[in-house]
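# Topology and contacts: notes
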2 protein chains.
Amino acid sequence: MSETIESIGEQGLLQLVQQFCPAGVVGDDAAVLPVVADESLVVTTDVLVDRVHFSDRTTPAHSVGWRAIAANLSDLAAMGATPLGVTVGLGLPGDTTVAWVEGLYQGMSDCLAKFGGTIVGGDLVRSSVRTISITAFGQVKPGDVMRRSGAQVGDVIVVTGFHGNSRAGLELLLKPELGSHTELVLAHQYPRPRFDIANKLWGIAHACMDSSDGLADAVLQICRSSQVGAVLDQSQLPIDPVLSKIFPEQSKQWCLYGGEDFELVLCLPENAVPAGCLAIGRIVDGQTVVLMNEFGEAKTLRLDHGFQHFST
Amino acid sequence: MSETIESIGEQGLLQLVQQFCPAGVVGDDAAVLPVVADESLVVTTDVLVDRVHFSDRTTPAHSVGWRAIAANLSDLAAMGATPLGVTVGLGLPGDTTVAWVEGLYQGMSDCLAKFGGTIVGGDLVRSSVRTISITAFGQVKPGDVMRRSGAQVGDVIVVTGFHGNSRAGLELLLKPELGSHTELVLAHQYPRPRFDIANKLWGIAHACMDSSDGLADAVLQICRSSQVGAVLDQSQLPIDPVLSKIFPEQSKQWCLYGGEDFELVLCLPENAVPAGCLAIGRIVDGQTVVLMNEFGEAKTLRLDHGFQHFST
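Residues numbered from 1 in each chain as written. Chains lettered and ligands numbered in written order. Predicted model: local features only at pLDDT ≥ 70, side-chain atom pairs only at ≥ 80, totals over all residues. Heavy atoms only, no water.

## Examining the sheet that holds strand β6 (residues 156-159) of chain B
Residue and element names in this part refer to chain B.
- Reading across the sheet, the seven strands line up as β7-β9-β6-β10-β8-β11-β12 and stay open at both edges, with mixed pairing between neighbours. Strands at the two margins of the open sheet, each flanked by one partner only, are β7 (207-210) and β12 (298-301). Taken over all neighbouring pairs, the strand axes of this sheet differ in orientation by 25° on average, direction set aside.
- Where β6 and strand β10 (residues 278-284) come together, four bridges link them in antiparallel fashion. Bridge pairing in β10 places I157 opposite G281.
- On top of the sheet, helix α2 (residues 61-79) reaches β7 and β9 (264-268); it is set at about 175° to β7, its chief contact.
- Packed on one face of the sheet, helix α7 (residues 215-226) meets β6, β7, β8 (229-233), β9, β10, β11 (289-292) and β12 and runs near 145° to β7. (Pairing = 2+ DSSP bridges. Helix = DSSP H or I, 4+ residues; strand = E, 2+ residues; numbered from the N terminus. Axes fitted to C-alpha atoms, helices over the stretch in contact; angles between N-to-C directions. Contact = heavy atoms within 4.5 Å.)

Right, here's the structure in full:
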């Protein structure tokens, strides 16, 4: 049997975890961090619960850690911010293995090393269910903040990548009999916050949101915040050819509603579309978001994740 | 039966919670906050789990919320920081009542209104056990940071108030047959972070820590960080006369090891002891923390919460 956190005790667990924190940051009641003088602070938080947001069936510990950090960093990227650090609150049952905790922290550290920030604080408590609570901090120049509320009529709506692959990866992990497709599985287990594109859009994008809750949700939230409507072109939905091939029946649904792709959805002037982004539609007057097919028929998209009937 | 969060749904719950956040802060992927240019960021986090850190037997929802915020603000106070805001991550079973969630947020809001800061972000997720994860952040001038590691030989060790009352209050709540003593119950349910004293000690205190894990723990942690020893005077232990009277046998133990009083333990020069603080001992050379009685006999205090044998 693997060694458990109960067997190494609270001090042993603390020592293990502190290996993943920079020297000098831990050891006081709170962490002290320098900040860039002329920038605003950006703060976001996520709670992940075992068997709700991750599971041993689909996500090894390293992936759980990576995803937990990536989800929060993706929120910072969507605001135009650069990461400073994160705090990690962990609730763990006593029979959690030491190997799982090590894997979790290694996954968090690897994601932070790749995209920026360090673990600057945390709390370890006993709980009947594994719970991971991350708060991420970043900074951004006040003029570079990207919000949901700035979309303008005429803006092009673009995304930074394919959607639906994460949902497809989850399906493959839950149903091994469907075979293995590494690209899709990695999309689920190791999403990448899109700082590479976000950091080129300071002062350019009118509105931005990450697609953690799905592409349709992001477009709807942006439109609601900006008090505009949108027309999405069904033929331009950002569906990976690999996804269409393996899941032809589900690909459209998962592209729109799958979630957890952690790409960015951006609204910007047509002449400002960055390389590598895919245009999927336009911001229009009104309050509805519609998906237009090749025959000019429009479906209204809603937040409740259901298609409405066609209305031409 | 009371209305549950399951019955009002995710949107209903979000609307309820957002009433307690300042307008304009929520609605994006992350909150954006202005910071004071020449100050450092101070960050702390705590996770509280039902039946580990709170319970319906001892803490109504309002008190759970107040305590969760007070514990984090106390960490900021101990660093010399001024609160900016908090994020609140909540994991809740579907049968949690709406009244409980409202009480929790009202308690958090009341504590923040009293001591500073607002709720600037959060996450609401489903969990099998009620879990509250708070991250608090504040700011402090780099030269005003109070750490654990600065205690100097000759410093007076002072505390900002009595210790043991919170533990006694818990006992009274768990054993109603012992009677009611409002002062002790309030010490447990409504602790107060000591910004009133912390804010007078910028640049004066050599070392500081809050006593959330008990008075003995705080002195031991300060001594370990500062590589010094301490002699505490048993006759000067900060025991409330009310506590001595009601719990004569337990008062000393609870004063040293009870925890959750959220007072400050400070080491500073003799001529700098602030009004309202109680001197309990001195920093000395060495590595041990001893409790000296009226006969000059010394007990060594240890982190494992047990008294060692007398060694004169």
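## Structural notes on the packing of helix α4 (residues 165-174) of chain B against helix α5 (residues 182-189) of chain B
Residue and element names in this part refer to chain B.
- For the pair α4 and α5, interaxial distance at closest approach is 7 Å and the crossing angle is 105°. As far as their axial angle goes, α5 and α4 are roughly perpendicular. Here N165, S166, A168, G169, L170, L172 and L173 of α4 lie close against α5, whose contacting residues are E183, L184, V185, A187, H188 and Q189.
- Looking at side-chain class alone, the contact of α4 with α5 contains seven nonpolar, five polar and one charged residues. (Parallel < 35°, antiparallel > 145°, perpendicular 65-115°, else oblique. Nonpolar A, V, L, I, M, F, W, Y, C, P; charged D, E, K, R; others polar.)

## Here's the deal with the pairing of strand β3 (residues 82-92) of chain A
Residues and elements named next belong to chain A.
- By the criterion of burial, β3 is predominantly enclosed, with nine of the 11 residues buried.
- Inspection of the sheet shows β3 paired to strand β5 (residues 131-140) by nine bridges, in the antiparallel sense. Across the sheet, T82 pairs through a bridge with Q139, a residue of β5.
- By the bridge criterion, eight bridges tie β3 to strand β4 (residues 118-126) in an arrangement that is parallel. Residue pairing for β4: T87 is matched across the bridge by G121. (Buried < 20%, exposed > 50% of the residue type's maximum accessible area, 1.4 Å probe, protein only.)

## Brief notes about the interface of chain A and chain B
- Chain A puts 46 residues into the contact, and the matching count from chain B is 46 residues.
- Here chain A packs against chain B, burying approximately 3,900 Å² in sum over the two surfaces, 57% of which is carbon and sulfur.
- The closest approach of N and O atoms between R147 of chain B and D28 of chain A, which form a salt bridge, is 3.1 Å.
- Put simply, the parts of the chain that give the side of chain A that touches chain B at least two residues each are β1 (31-33), β2 (40-49), α2 (61-79), β3, β4, β5 and β7 (207-210) of chain A.
- With nine residues, the single largest contributor to the side of chain A that touches chain B is β2 of chain A.
- Here the residues of the side of chain A that touches chain B sort into 21 nonpolar, 15 polar and 10 charged.
- In the sheet, β1 of chain A pairs with strand β2 (residues 40-49) of chain B via three bridges, with the strands oriented antiparallel. Along β2 of chain B, the bridge assignment pairs V32 of chain A with V42 of chain B. (Buried area = accessible area lost by both parts, 1.4 Å probe. Salt bridge = Lys/Arg side-chain N within 4 Å of Asp/Glu carboxyl O.)

## Focus on the pattern of salt bridges
- All chains considered together, the criterion is met by 26 salt bridges over all chains.
- One salt bridge in this structure joins R130 of chain A and D50 of chain A, with 3.0 Å as the shortest N-O distance. With R130 of chain A in the loop between β4 and β5 and D50 of chain A in the loop between β2 and α2, the pair connects residues that are 80 residues apart, well separated along the chain.
- Judged by its relative accessible area of 10%, R130 of chain A falls in the buried class.
- Close ionic contact of E39 of chain B with K141 of chain B constitutes a salt bridge, the shortest N to O distance being 3.6 Å. Residue E39 of chain B is found in the loop between β1 (31-33) and β2, and its partner K141 of chain B is found in the loop between β5 (131-140) and β6; the two are separated by 102 residues along the sequence.
- On the accessibility criterion, E39 of chain B (16% relative accessible area) is buried.
- Judged by its relative accessible area of 39%, K141 of chain B falls in the partly exposed class.
- Ionic contacts of the salt-bridge type, sharing partners, join the residues D50, R51, D56 and R130 of chain A into one network.

## Details of the relation of the copies chain A and chain B
- For the pair chain A and chain B, the best superposition has an RMSD of 0.0 Å and corresponds to a rotation of 180° with a translation of 0.0 Å parallel to the axis. Both copies are brought into coincidence by an operation consistent with a two-fold rotation axis. Of every C-alpha in chain A, the one belonging to A37 of chain A sits nearest the axis of rotation, 2.2 Å from it.
- Here 100% of the contact residues of chain A are again contact residues in chain B; the copies associate through an equivalent surface. (Least-squares fit on C-alpha atoms with pLDDT ≥ 70 in both.)

## Notes on the packing of aromatic side chains
- Counting across every chain of the model gives 13 aromatic pairs over all chains.
- Taking 5.4 Å as the distance between ring centres and 70° as the angle between the ring planes, the aromatic pair formed by W66 of chain B and Y190 of chain B counts as edge-to-face. Separated by 124 residues along the polypeptide, W66 of chain B in helix α2 and Y190 of chain B in the loop between α5 and α6 (195-198) bring together distant segments of the chain.
- W66 of chain B gets classed as buried once you look at its relative accessible area, which sits at 9%.
- Among the aromatic residues, ring-to-ring pairing joins W66, F115, Y190 and F195 of chain A into one connected group.
- Here R130 of chain A stacks its cationic end above the ring of W100 of chain A, 4.4 Å away from the centre of that ring. (Phe/Tyr/Trp six-rings, centres within 6.5 Å; stacked < 30°, edge-to-face > 60°. Lys NZ or Arg CZ within 6 Å of the ring centre and 35° of its normal.)

## So, the packing of helix α1 (residues 5-18) of chain A against helix α3 (residues 98-115) of chain A
All names here are of chain A.
- Where α1 contacts α3, the two axes come as close as 11 Å, and the packing angle between them is 20°. Judged by the angle between their axes, α1 and α3 are roughly parallel. The chirality of how α1 crosses α3 is right-handed. On α3, the residues touching I5, I8, L13, L16 and V17 of α1 are V98, V101, E102 and Y105.
- Of the residues belonging to the contact of α1 with α3, the class tally is eight nonpolar, no polar and one charged. (Left-handed = near helix turned anticlockwise from the far one by under 90°.)

## Details of unusual backbone geometry
All names here are of chain B.
- In this model, Q227 sits at a positive phi of 55°, which is unusual for a non-glycine residue.
- With a phi close to 65°, E260 is a non-glycine residue in the positive phi region.
- By the secondary structure assignment, E260 is in the loop between α9 (251-257) and β9.
- In this structure E260 comes out as partly exposed when scored by relative accessible area, which is 26%.

## Here's the deal with the side chain of D123 of chain A
- On the secondary structure map, D123 of chain A appears in strand β4.
- Apart from residues lying up to four places away in sequence, D123 of chain A is in contact with V88, G89 and L90 of chain A together with T45, D46 and V47 of chain B.

## Some thoughts on the confidence of the model for chain A
- A residue-level look at chain A finds 97% of positions with pLDDT of 70 or above and a mean pLDDT of 93.
- The ipTM, which scores confidence in the relative placement of chains, is 0.92 for this predicted complex, and the corresponding pTM is 0.93. (pLDDT = per-residue confidence, 0-100.)

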